[in-house]
Amino acid sequence: MWVDGQPIEGEILPADKAREIYEDYVRRQRDPALLEYVGRDAVRARIFPIPAGEERRIQLEYTEILPAEEGMLHYRYPLNTERFSALPLEQVSISVSLTSQTPLRTIYSSSHQNEVVITHDGAYRASISYEANHVFPDRDFELYASTTTDDIGANLLTYQSGEEDGFFLLMLTPALETEARRVLPRDILLVLDTSGSMDGEKLKQAQDALAHILKRLNPEDRFNVVAFSSGARAYAPALQGPQEAEAAIAWVYQLEALGGTNIYLGLSEALAQTDGTRPTVVVFLTDGMATEGIVDDDTLLSTLAQEAAQNVAAARIFPFGVGYDVNTLFLDQLAADHRGVPAYVAPEERIDEKVSAFYGRIQSPVLTNIALDFGGVQTYDVFPTPLPDLYAGTQLILAGRYSGSGAQTITLTGEVEGQRETYTYAGNFTASGDKDFIPRLWASRKIGYLLTQIRLYGENEEWISAVVSLSLRYGIITPYTSFLVEEPNTILSSEGRMRVTEEAAEYFQAAPMAPSGEKAVEDAVMRQELEAAAAAPTAGAMPAPDGALASASSARYVGDKTFLCQANVCTDTAYIPDKMTPQTIVFMSEAYWQLTETHPEWSAYFAVAEESYFVAPDGTAYHFRLGTEADAVPRPEPSAATPSATTPSATTPSATTTSPTTDTTPPTTPPATPTAPTPSSGSPGLCSSAAMLLGLSAGVVFHRKKAQH
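Attention in this report is confined to the structure presented alongside it. (Residues numbered from 1 in each chain as written. Predicted model: local features only at pLDDT ≥ 70, side-chain atom pairs only at ≥ 80, totals over all residues. Heavy atoms only, no water.)

1. Observations regarding the overall build of the protein
Defined as follows: Working definition: helices are DSSP H or I runs of at least four residues, strands are E runs of at least two. Numbering for both runs from the N terminus. Throughout this description, buried means an accessible area under 20% of the type-specific maximum (1.4 Å probe, protein chains only), exposed means over 50%, and partly exposed covers the range between. Pairs of residues are marked as contacts when any of their non-hydrogen atoms sit within 4.5 Å.
Summing up its helical and strand segments, the protein has 15 helices and 35 strands in all. Counting over 709 residues, the protein shows a buried share of 54%. Residue pairs in contact within the protein that sit at least 24 positions apart in sequence constitute 77% of those at least 6 positions apart.

Below, the structure written as structure tokens:
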């Protein structure tokens, strides 16, 4: 350990010793959060004095062997310290360098995937960086990584609590550098709106975007460009090879923005050039709604669907809506009908940057029309749906539910130049409780999917009820579930739950949102972000109805639970006050020690605030509260019968020739569960004593540069 450039001897304390030293202090300070935090191994060092107004910079270096979990290395850096400080950290910076003798595959941050930058330096080296300013560190930094020599790597993570069906995360990662022979030849059709409203900078950026794609065609690709306004014209009468790219780019830059918007002619011309012999991608850029030709949305969609159905291999259509005057309902439905994903470019964003980033992800397809079979477990509510194609250098993250358990053979199949190819993987669906981020990530995707269904197909009572239930259980706030922010303390009763469901239904049944405009685009982007969530949302970054951030002091995530907090009381959203009679547990009483020895993970629920209510997996409700020093009893020695976590078997893929079946289990509406709560502000901060306590997690395999607090 180094303090201001001077080496200082640090003492590593095991968890029991740390508890022993601090237990008396915690009893007097009445701070259960601190006791829960020192449950990890700890480092102790004396760093005083710190004169008023001055600072001390601390750098901790350590080496640790990371355990393999489900075939992946798991690294955790303790960063969840917001309960000990009312002030945000000025700066947090984490840098991880990975070097492997076997090609790296999955690199996934379960805590910060949406905020990290992952940079590959070939197949054997990668760096991961995370930086943030003025942030409340409300979650640890967690990173998973795997290595394999297989063409497509696969890793399975599962979570199950109590008797409830489990949750799983399956990560499929093709090689970063795929051999040219394995990159599938495909057809790319670029459809560009050149109506009068595209004139100026919008057209220039769109031209740059198309030029970017044309310069990066694979050797076996074919392409064409279709420009449309009142009419439509193509660069060539038929699909061309990459050798024509430069001439096509010159043609694109000669286009002018004139006339109306005949969307049908543009897309119909593109679909007419697909021959069904290989995968086809249609990139469609427009900044407006149909004003000529077929202008009725339903008629336009059905006509295009009929024309696309004439081809053996369906084209994937990826619409890009430019600006706020686009018809979001039409573009969302167009993408859904043709297995694409819509994207929206706000006026302040650059078209070329957004399209270029998209094309970088889909540049090299390796497996199309994929299907999965999970052996003896039954899976449902798997997102994204339908399953997208696999591309070299990308990572497909699937989240879903399952019933059943045990070691299973997972079979992945897909098409390679018209032939089915099969991969098999060994996966273990265990009753594990340590991957508690998976349920919330799955719930985000489920809510995004349901909101899109409601937006496209109208109000459905089951969909609305599911959105409210998931939002309440997992604390995922949307403009449609603002009750979590506006009235967090009145919704947990049976009557309150019923009322908010009725209010949500009334919201959806009110005057529908216009298909275009700034709010419509923002709504589409919000739904898309939920559907494509790669990491679970955080309590400190929940979107409030007015676009601001929800207060981090009213909602708090602990494990897979959500607590709503007010003052020094936090309540599990699974708790129904008028239907449950809780057992009272006093902090550091005999009952407290018995419960935390039998269920050590419950200490985090007791530590969420000075007073808390939570519901155990078996449905038993508990009321935790602080007592007096007289209520405290010594902690008993750990019992030999104390359950210990088991490590599930690794997930190792191997090629095979078996033919798989596709999971056709229909989605089901999940039962109601809890919502996002807020941290308590009542616990005292860390004392300014001479001891510094830093939690260390299970094992470190990556070298971490300095993290400044």
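2. Side note on helix α8 (residues 351-362)
Formally: Each helix should span, by expectation, one fewer than its residue count multiplied by 1.5 Å. Summarising the geometry, the arc corresponds to the directions from the helix axis toward the C-beta atoms.
Between the first and last C-alpha of α8 there are 17 Å, a value that for twelve residues agrees with the 16 Å anticipated at 1.5 Å per step. Every buried residue belonging to α8 is among Ile351, Asp352, Val355, Ser356, Phe358, Tyr359 and Ile362, and all of these are buried. Projected onto a plane normal to the axis of α8, the buried residues spread over an arc of 160 degrees and lie on a single side.

3. Let's talk about the packing of aromatic side chains
Note the threshold: For Phe, Tyr and Trp, rings pair up if their centres lie within 6.5 Å, where Trp contributes its six-membered ring, and each pair is then called stacked (planes under 30 degrees apart), edge-to-face (over 60) or tilted (otherwise). The rule is short: NZ of Lys or CZ of Arg within 6 Å of the ring centre and within 35 degrees of the ring normal puts a charge over the ring.
Per the counting criterion, the structure on display carries 27 aromatic pairs. Ring geometry for Phe587 versus Tyr592: centroids 5.3 Å apart, planes at 85 degrees, classification edge-to-face. An aromatic cluster of at least three residues, connected via ring pairs, comprises Phe563, Phe587, Tyr592, Trp593, Trp602, Tyr605, Phe606, Phe614, Tyr622 and Phe624. Here the guanidinium or amino end of Arg401 rests over the ring plane of Trp442, the centre of that ring lying 5.2 Å away. The lysine or arginine in question, Arg440, covers the ring of Tyr557, its NZ or CZ lying 3.7 Å from the ring centre.

4. Looking at the state of the cysteines
Using the following cut-off: Cysteine sulfur atoms are paired as a disulfide whenever they fall within 2.5 Å.
Scanning the entire structure with this criterion turns up one disulfide. A sulfur-sulfur distance of 2.0 Å marks the disulfide that ties Cys565 to Cys570. Looking down the S-S bond of the Cys565 and Cys570 bridge, the torsion is 115 degrees, so its handedness is right-handed. There is no split in this pair, since Cys565 and Cys570 are both buried.

5. Concerning the nonpolar core
The following threshold applies: Put simply, a nonpolar core is a bunch of buried Ala, Val, Leu, Ile, Met, Phe, Trp, Tyr and Cys residues held in one set by side-chain atoms that sit within 4.5 Å of each other.
If you look at the biggest cluster of nonpolar residues, it comprises 40 residues, and the most contacted ones within it are Tyr108, Leu157 and Leu169. Broken down by secondary-structure element, the contributors of at least two residues to this core are β13 (152-159), β14 (166-174), β24 (396-403), α9 (437-457), α10 (461-474), α12 (494-509) and α13 (518-531). Considering each element in turn, this core owes the most residues, ten residues, to α9. One finds Ile213, Val225, Val322 and Ala343 within the second-largest nonpolar core, a separate group that totals 38 residues.

6. Topic: the environment of Ala371
Within the secondary structure layout, Ala371 lies in strand β21 (residues 365-373). By relative accessible area, Ala371 is classed as buried at 6%. Along the sequence, Ala371 and Gly414 sit 43 residues apart, while their C-alpha atoms lie 6.4 Å from each other.

7. Overview of the sheet that holds strand β22 (residues 378-383)
How we decide: At least two bridges found by DSSP between two strands are what make those strands a pair. Fitting a line to C-alpha atoms yields each axis, with helices limited to the stretch in contact; the angle taken between N-to-C directions then spans 0 to 180 degrees.
Ordered by their spatial adjacency, four strands build an open sheet running β13-β14-β24-β22, and the pairing between neighbours is antiparallel. The open sheet has two free edges, formed respectively by β13 and β22, since each of these has just one partner strand. With direction set aside, neighbouring strand axes in the sheet form an average angle of 25 degrees. Looking at chain direction, β14 and β24 are connected through seven bridges and run antiparallel. Looking at the pairing, Leu169 lines up with Ala399 of β24.

8. Some words on the pairing of strand β25 (residues 406-416)
Sheet analysis places β21 next to β25, joined by four bridges and oriented antiparallel. The residue bridging Leu372 from the neighbouring strand is Leu412, located in β25. As consecutive antiparallel partners, β25 and strand β26 (residues 419-429) are separated by two residues, and within that stretch Glu417 has a phi angle of approximately 55 degrees, a positive value.

9. Focus: the pairing of strand β16 (residues 222-228)
Two faces make up the sheet, and in a regular strand the side chains alternate between them. Applicable threshold: The definition of a right-handed crossover adopted here requires that, viewed with the strands pointing away, the path from the first strand over the helix to the second runs clockwise.
With six of seven residues buried, β16 is to be regarded as a mostly interior element. With seven bridges connecting them, strand β15 (residues 187-193) and β16 associate as parallel partners. Directly across from Leu192, in β16, lies its bridge partner Ala227. This β-α-β element, β15 to helix α3 (residues 201-215) to β16, shows right-handed connectivity. In this structure, β16 lies alongside strand β17 (residues 232-234), joined through three bridges in antiparallel fashion.

10. Things to note about the pattern of salt bridges
To be explicit about the condition: The salt bridge definition used is simple: a Lys or Arg side-chain nitrogen within 4 Å of an Asp or Glu carboxyl oxygen.
Under the criterion given, the structure shown has 24 salt bridges. Residue Arg76 pairs with Glu142 through a salt bridge whose shortest N-O separation is 3.2 Å. Within this pair, whereas Arg76 is found in strand β7 (residues 72-77), its partner Glu142 is found in strand β12 (residues 141-147), the two being separated by 66 residues in sequence. Arg76 sits in the partly exposed class, given a relative accessible area of 27%. Among the ionic pairs, Asp221 bridges to Arg186, the shortest N-O distance being 3.9 Å. On the criterion of sequence distance, the pair formed by Asp221 in the loop between α3 and β16 and Arg186 in the loop between β14 and β15 is long-range, its members being 35 residues apart.

11. Overview of the sheet that holds strand β31 (residues 611-615)
If you trace the six strands from one edge of the open sheet to the other, you get β27-β28-β29-β31-β32-β30, paired in mixed fashion. Only two strands of the sheet have a single neighbouring strand rather than two, namely β27 (555-558) and β30 (583-586). Each neighbouring strand pair of the sheet contributes to a mean axis angle of 25 degrees, computed without reference to strand direction. Here β27 runs beside strand β28 (residues 561-566); their pairing, made up of four bridges, is antiparallel.

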